[in-house]
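Letter by letter, the chains look like this.
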Amino acid sequence: MGMPMLTPEQFFAPAKDDYCIAPNLEPHPPLRSFPEALNQIEQQNDGTKVFLDICDEEDGQPIANAVVVLTPRPQNDFESFARSIGTDGIREADEKTARRIGQVPMGFKVWRILWDGKLPLIPTQSSRAACS
């Protein structure tokens, strides 16, 4: 099944290094800039849930190369968020990614906001591939 999906709380508890999220993003923002941005996604009180897609682990710290959002909202609602954290784009998550989240409620979509540049539907700033 691969590496787990973690909630922001689960991810940031052990994360101490700036490069544990979007490791090849340059210039790289400080780690502390990510939790607030991720929490803003869930503030709409519409059932939206945020996960970090873990691609590796180093020295007990998870490494994430994507944000996965379970939501009833359309893809374009996340465009400014994706740009604000320097991702390469947003796409609908594949079936394997969606299964890792669990039950997807009726009317919800699973979006993958990624830093690896593969199949971006809404282009944002460029970054090199990480954990591809």
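Our structure is the block above this text.
Chains are numbered independently. Their residues run from 1 in the order of the written sequence. Local features in this predicted model are restricted to residues whose pLDDT is 70 or higher, and side-chain atom pairs enter the listing and the counts only when it is 80 or higher, whereas totals over whole chains, interfaces and linings include all residues. Hydrogens and water molecules were not included; the side-chain quantities draw on all heavy atoms of the structure.

Colleague: Tell me about unusual backbone geometry, residues and numbers included.
Modeller: Despite not being glycine, Ala22 shows a phi value in the positive range, around 50°. In this text, helices come from DSSP runs of H or I with a minimum length of four residues, and strands from runs of E with a minimum of two, each type numbered from the N-terminal end. The residue Ala22 is located in the loop between helix H1 (8-12) and helix H2 (33-42) in this model. On the accessibility criterion, Ala22 (2% relative accessible area) is buried. Within the chain, Asp59 stands out as a residue other than glycine whose phi angle is a positive 50°. By secondary structure assignment, the location of Asp59 is in the loop between strand E2 (49-58) and strand E3 (61-71). A simple rule labels every residue: compare its accessible area, found with a 1.4 Å probe on the protein chains alone, to the largest value its type can have, and call it buried under 20%, exposed over 50%, or partly exposed in between.

Colleague: Could you give me a rundown of the nonpolar core, with the residues and numbers involved?
Modeller: Residue types Ala, Val, Leu, Ile, Met, Phe, Trp, Tyr and Cys, when buried and joined through side-chain atoms within 4.5 Å, form a set referred to as a nonpolar core. Judged by nonpolar contacts, the single largest core of 27 residues is most densely connected at Phe11, Phe12, Ile21, Leu52 and Val67. Breaking this core down by element, the ones donating at least two residues are H1, H2, E2, E3, helix H3 (79-84) and strand E5 (109-114). The biggest single contributor to this core is H2, with 4 residues. When checking whether two residues touch, look at their non-hydrogen atoms; a contact exists if any pair is within 4.5 Å. Here Leu52 is in contact with Pro4, Met5, Leu6, Thr7, Pro8, Phe11, Phe12, Ile21, Leu38, Ala64, Ala66 and Val67, once residues within four sequence places are set aside. Listed in part, the 8 residues of the second largest apolar core include Leu70, Ala93, Ala98 and Ile101.

Colleague: Residue-level account of the sheet that holds E2, with values.
Modeller: Strand order across the open sheet formed by 5 strands is E1-E2-E3-E5-E4, with antiparallel pairing between neighbours. Unpaired on one side and paired on the other, strand E1 (5-6) and strand E4 (89-92) mark the two borders of the sheet. At least two bridges found by DSSP between two strands are what make those strands a pair. As paired elements, E3 and E5 share 6 bridges and run antiparallel to each other. Considered in E5, the bridge of Ala66 is made with Leu114. In this fold H2 packs onto E2 and E3, with an angle of close to 145° to the strand it touches most, E2. Lines fitted to C-alpha atoms define the axes here, with helix axes fitted over just the stretch in contact, and angles between the N-to-C directions of these axes take values from 0 to 180 degrees.

Purely spatial values, then, with no claim about function.
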